[in-house]
Amino acid sequence: MNVTAKKPQAATTRVLSYANALLETMDGALAEHPNVFIMGQGVDDFKGIFGSTTELAEKYGAKRVFDVPLMEEAMTGIALGAALVGDYPITTHIRADFSFLAMNQIINLAAKYRYMFGGIMSCPTLIRVVVGRSWGQGAQHSQSPQATFAHYPGLTVIMPATAQAIVDMYPQIINRHPGPVISIEHRLLYNLDFTVAEGHVPLTSYVARPGRDVTVVATSVMVVEALRAAQYVQDTAGIDSEVIDLNSISHPDWDLVAGSVRKTGRLVIADTSWLEYGVAAEVCRQVVLRDPSMLMAPPTMLGMAPAPCPTAKSLEDIYYPSQHETVDAILTQVRGADHGIDLPTERSMTEGYRRFRGPF
Amino acid sequence: MSEDRELYRRLFRTALLIRLVEERIIELYPSDRIQSPVHLSIGQEAVAVGACDALRPDDLVFATYRSHGFYIAKGGRLDRMFAELYGRVGGVSKGKAGSMHLSAPEVGLMGSSAVVASTIPHAIGAALSFKRHGNSRIAVAVFGDGATEEGVYHESLNFASLMKVPVLFLCEDNGLAVHSHRPVRQSYSLVKHAAAYGIASRRLDEGWDMLAVRRATLEAAARARAGEPFVLEIATARYKEHVGIGDDFHFGYRLESDIDAWKKRDPLIADKALVEELTPAIEREIEQAVAFAENSPSPSRAELLTDII
Ligand SMILES: Cc1ncc(C[n+]2csc(CCOP(=O)(O)OP(=O)(O)O)c2C)c(N)n1
């Protein structure tokens, strides 16, 4: 599948998978900045974090790209120590769930260092965490902790939804972002091809598809889903959806979101995590605080069922919102529950999901 | 004066400065001008002073909430420390750090954390960086005996040994973690345990002796500088309560007599003549620092939301 977030200019586009975008930016960072190094479990093995660090250890040597033992907390602390003396460490967690072992370093130290020391300390570093989904990832390999991390001031939390977002944002971050950044990458995106245009994805939100009738605010893989749903409702019902990629969870562009809702009057929010105390709730909070009268109907929210992720395929299929539900949510916002439009039959979400063959 | 005598005087003066600073904190504390939890190191000064004197100025120290001693011994400015304790803009961190998070990066004190053991891996990260860039600096992780019970300490030892980074693990063993004694908390001996990771170690029982601490640190630091991580455990004694300015012997978890023997050997008590000789000038220095703090304004509202990212 080839997903286009922004209208490409024919002459300057290329097709790039999410995984290759990651590999390209990791390679670029090592080549351009002698102070960059990458450490994490398996970064130098033949799988190279799902292809995002493959062969970089051979190319740059074991001093720049190296494996570490099972030591999530210490690894993050070591990254902070190196950052404090001017290096730029990039650390990886093949599942976001494992970063929970490093919560102490991430929340109690990284997030606080600059502020707590009155601006004289800083620990710029990139922490890459991957969200798993499907092939029985289950309860402890599928969690999407954006709301948790974004809750703590001091952290920059992004969720790149496309290869474009990776190639634009990662160099900006590694070149000059002063603080710790957590990038939540979605495993289902890795295998997708994207059309990458010249352009610029800001370290905040942006419009992935302009439209008039309804605003869909989405994160990560749900941006891809929202774009597909937007196409479907355009084709079947002539509904023109505006899709906003929230993109930065810690520093979204709320004016952009509010401006869009003011224009459309209708809001659908699609996140990759639970709704309770989550990103969707925050989007509602921001909109309502600005002007609740912008909304012509209560917003619709799509997220995971309020349970740990089940492993059984039959349950997992209904645990995540499907394309079917995403389309229905948009149609219902605009036309009401009795919209009468046929829904797409597929329950599972992306083509990537169908192509995804595990085991990891 | 012999070289040894001069060295002794230098170390003694810094140790006395630390003690008198903390005694001044005890005097000031009831006035509520310092509104920050304070973990005093009275009794433990010889460790900070002996260890820091053995380091090069550009070696880095990563410390804990009990860091007044290391801050001063590493050469941090006293006036800015008092201003920090007072929560004033003139403080090292504009008052946002307080006593538990002292730092002085310009002299190599790279921050202190109030979460036990959490800065141990930072020292390794810095040491890793030194090794990558091929310079001869070392990083020192300072922590208490209690910190070695945390998982991150073990992760850190293992990694330091695998990577052969120039790091010195410096344990201040005052035998206590808050109110609990080491034997009920630890099933291992620190130095024997280090050996399981292939890390060389040494325990120094004469932690009151600044010169002995200095010698032990010099040796340990030389090993670390050669890329051999080293665990140096130094026995010491905390005279005051865990946090705060009081004595807590009446709670019965420890006895005053437990530290009597230590106090007898404490040079800051035993060497009365030198204390008397050096005190007046030190007192004046402390007065100036306190005055600096008193005259430094509180941070403005604008400071609340600065330096977050
Ligand atoms: C992770 C963590 N757990 C518990 C505490 C509460 N606490 C503060 S100091 C301390 C004892 C630490 O003892 P030790 O490392 O020996 O240092 P000392 O205070 O004796 O210098 C404890 C349990 C904490 N601050 N951080």
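From a predicted model like this one, the values you see are computed outputs, not experimental measurements.

> Which parts of the structure should I look at to understand the overall build of chain A?
Counting secondary structure elements, chain A contains 15 helices and 14 strands. At 20 Å, chain A has a C-alpha radius of gyration in line with the 21 Å of a compact globule built from 360 residues. The dimensions of chain A, computed from C-alpha atoms along their principal axes, are 60 × 45 × 45 Å. Within chain A, the proportion of its 360 residues that are buried is 62%. Charged side chains of chain A number 28 positive and 36 negative; the gap between the two group centres comes to 2 Å.

> Got a minute to help me understand the interface of chain B and chain A in this structure?
Frequently, the measure chosen for interface size is the accessible area that the parts lose on association. Contact with chain B, which involves 43 residues of that partner, is made by 43 residues of chain A. In total, chain B and chain A occlude about 3,100 Å² of area from one another, counting both sides; carbon and sulfur atoms represent 67% of this. The shortest N-O distance in the salt bridge between B:Arg132 and A:Asp87 comes to 3.2 Å. Applying the counting criterion to the chain B and chain A interface returns 13 residue pairs in polar contact (both at pLDDT 80 or more). Secondary structure elements with two or more residues in the side of chain B that touches chain A: strand 1 (60–64), strand 2 (109–113), helix 5 (120–132) and helix 6 (151–163) of chain B. It is helix 5 of chain B that provides the largest number of residues to the side of chain B that touches chain A, a total of 10 residues.

> How should the pairing of strand 7 (residues 200–204) of chain B be read in this particular structure?
On a regular strand, each side chain points to the face opposite its neighbour's, so the side chains alternate between the two faces of the sheet. Residue and element names in this part refer to chain B. Bridge analysis of strand 7 against strand 8 (residues 230–235) gives five bridges, and the strand direction is parallel. Note that in strand 8 the partner of Arg203 across the bridge is Glu233. Running through helix 8 (residues 210–225), the crossover from strand 7 to the neighbouring parallel element strand 8 is right-handed.

> How should I be thinking about the sheet that holds strand 12 (residues 241–245) of chain A in this particular structure?
Strand-to-strand pairing in sheets goes through backbone hydrogen bonds, with the strands running parallel or antiparallel. All names here are of chain A. On the basis of which strands lie adjacent, the open sheet formed by five strands has the order 10-12-11-13-14 and mixed pairing. Every other strand in the sheet has two partners, leaving strand 10 (206–209) and strand 14 (300–304) as the edge strands with one partner each. Here the strands of the sheet are splayed against their neighbours by 25° on average, with no regard to which way each runs. As paired elements, strand 13 (residues 267–274) and strand 14 share four bridges and run parallel to each other. If you follow Ala270 over to strand 14, its bridge partner there is Leu302.

> Whenever I open this one, the packing of aromatic side chains confuses me. Can you help?
In this description, an aromatic ring pair is defined by two values, namely the gap between the centres and the angle between the planes. Residue and element names in this part refer to chain A. Inspection of every chain in the model, using the stated rule, returns 10 aromatic pairs over all chains. Seen in terms of ring centroids, Tyr18 and Phe194 are 6.3 Å apart; in terms of plane orientation they differ by 45°. Their pairing is tilted. Taken together, the residues span a long stretch of sequence, with Tyr18 in helix 1 (residues 18–32) and Phe194 in strand 9 (residues 193–196) at a distance of 176 residues. With respect to class, Tyr18 is no different from Phe194; both count as buried.

> Would you mind showing me how to read the site of the ligand here?
All names here are of chain B. If you check the shell around the ligand, you find 15 residues, and the closest are Tyr65, Arg66, Gly146, Asn174 and Leu176. With respect to the ligand, the side chain of Tyr65 contributes an N or O atom lying 2.9 Å from an oxygen atom. Measuring from an oxygen atom of the ligand, one finds a side-chain N or O atom of Asp145 at 3.0 Å. In isolation the ligand offers 580 Å² of accessible surface; the protein chains occlude 71% of this area. Applying the majority rule of atoms within 2 Å of the grid points places the ligand in the second largest pocket. Grouping the amino acids of the shell around the ligand by side-chain chemistry returns eight nonpolar, four polar and three charged.

> Would you mind showing me how to read the sheet that holds strand 6 (residues 125–131) of chain A here?
Sheet architecture is open: six strands sit in the order 4-3-5-6-8-7 (chain A), paired in parallel fashion. If you trace the sheet from one side to the other, it starts and ends with strand 4 (65–66) and strand 7 (156–158) of chain A, each paired once.

> For this particular structure, what's the right way to read the pattern of salt bridges?
Once their charged atoms are close, side chains differing in charge can pair, the charge on each being opposite to the other. The final tally for this structure, using the stated rule, is 38 salt bridges over all chains. Between A:Arg212 and A:Asp240 there is a salt bridge, with the nearest N and O atoms lying 3.5 Å from each other. Of this pair, A:Arg212 sits in the loop between strand 10 and strand 11 (214–218) while A:Asp240 is found in the loop between helix 10 (221–237) and strand 12, placing the two residues 28 residues apart along the sequence. Residue classification places A:Asp240 among the buried positions, given a relative accessible area of 12%. Notably, a salt bridge pairs B:Asp247 with B:Lys240, separated by 3.2 Å at the nearest N-O pair. Counted as one network, the salt bridges with shared partners bring together B:Asp173, B:Arg182, B:Arg203, B:Asp205 and B:Glu233.

> Sorry if this is basic, but what is going on with the confidence of the model for chain B here?
A low pLDDT means the predicted coordinates there should not be read in detail. For chain B, per-residue confidence averages 96 on the pLDDT scale, and 100% of positions sit at 70 or higher. Reported confidences for the modelled complex are a pTM of 0.90 and an ipTM of 0.84.

> What exactly am I supposed to notice about helix 4 (residues 78–86) of chain B here?
For an α-helix the count is 3.6 residues per turn, leaving residues at separations of three or four pointing the same way. Counting buried residues in helix 4 of chain B gives eight out of nine residues, a clear majority hidden from the surface. Looking only at helix 4 of chain B, the buried set comprises B:Leu78, B:Asp79, B:Met81, B:Phe82, B:Ala83, B:Glu84, B:Leu85 and B:Tyr86.

> I would appreciate a short explanation of the environment of B:Glu283 in the present structure.
Residue position: B:Glu283 is located in helix 11 (residues 272–295). Between the alpha carbons of B:Glu283 and B:Ser161 there is a distance of 44 Å; along the sequence they are 122 residues apart.

> Got a minute to help me understand the side chain of A:Ser17 in this structure?
As for its position among the elements, A:Ser17 is in strand 2 (residues 14–17). Apart from the residues within four sequence positions on either side, A:Ser17 is in contact with A:Ala163, A:Tyr190, A:Leu192 and A:Asp193.

> Help me out: how do you make sense of the nonpolar core in this one?
In globular proteins that are soluble, nonpolar side chains generally tend to be buried together. Formed by 74 residues in total, the largest nonpolar core has its most connected members in B:Phe12, B:Val21, B:Ile25, B:Leu78, B:Met81, B:Phe82 and B:Ile286. Here this core gets 13 residues from one element, more than from any other, and that element is helix 1 (residues 3–28) of chain B. When residues no more than four places from it in sequence are discounted, the contact partners of B:Phe12 are B:Met210, B:Pro267, B:Leu268, B:Asp271, B:Leu274, B:Val275 and B:Leu278. Of all hydrophobic cores here, the second largest spans 64 residues; its members include A:Leu22, A:Ile49, A:Leu56 and A:Val223.

> Sorry, what's going on with the layout of surface pockets here?
Using a probe with the size of a water molecule, rolled over the atoms, empty space left in the structure can be pinpointed. Residues and elements named next belong to chain A. Looking at the largest pocket, its volume works out to about 510 Å³. For the largest pocket, the lining is made up of 24 residues, of which Ala150, His151, Ile249, Ser250 and Glu282 are closest to its centre. Broken down by secondary-structure element, the contributors of at least two residues to the lining of the largest pocket are helix 7 (146–150) and helix 12 (279–290). The element best represented in the lining of the largest pocket is helix 12, accounting for six residues.

How each quantity is defined
Residues numbered from 1 in each chain as written. Chains lettered and ligands numbered in written order. Predicted model: local features only at pLDDT ≥ 70, side-chain atom pairs only at ≥ 80, totals over all residues. Heavy atoms only, no water. Helix = DSSP H or I, 4+ residues; strand = E, 2+ residues; numbered from the N terminus. Rg over C-alpha atoms; globule rule 2.2 N^0.38 Å. Buried < 20%, exposed > 50% of the residue type's maximum accessible area, 1.4 Å probe, protein only. Lys, Arg positive; Asp, Glu negative; His and termini not counted. Charge placed at Lys NZ, Arg CZ, Asp CG, Glu CD. Contact = heavy atoms within 4.5 Å. Buried area = accessible area lost by both parts, 1.4 Å probe. Salt bridge = Lys/Arg side-chain N within 4 Å of Asp/Glu carboxyl O. Polar contact = N/O pair within 3.5 Å; in protein donor to acceptor, adjacent residues only side chain to side chain. Pairing = 2+ DSSP bridges. Right-handed = clockwise from strand over helix to strand, strands pointing away. Axes fitted to C-alpha atoms, helices over the stretch in contact; angles between N-to-C directions. Phe/Tyr/Trp six-rings, centres within 6.5 Å; stacked < 30°, edge-to-face > 60°. Near = heavy atom within 4 Å. Areas by Shrake-Rupley, 256 points an atom, 1.4 Å probe, with all protein chains shown as cover. 1 Å grid on protein atoms, 1.4 Å probe; cavity = no way out; pocket = protein on both sides within 12 Å on 5 of 7 lines; lining within 4 Å. Sits in = over half its atoms within 2 Å of the grid points. Nonpolar A, V, L, I, M, F, W, Y, C, P; charged D, E, K, R; others polar. pLDDT = per-residue confidence, 0-100. Core = buried A, V, L, I, M, F, W, Y, C linked by side-chain atoms within 4.5 Å. Points joined across faces, edges and corners; volume = space filled by probe spheres on them.

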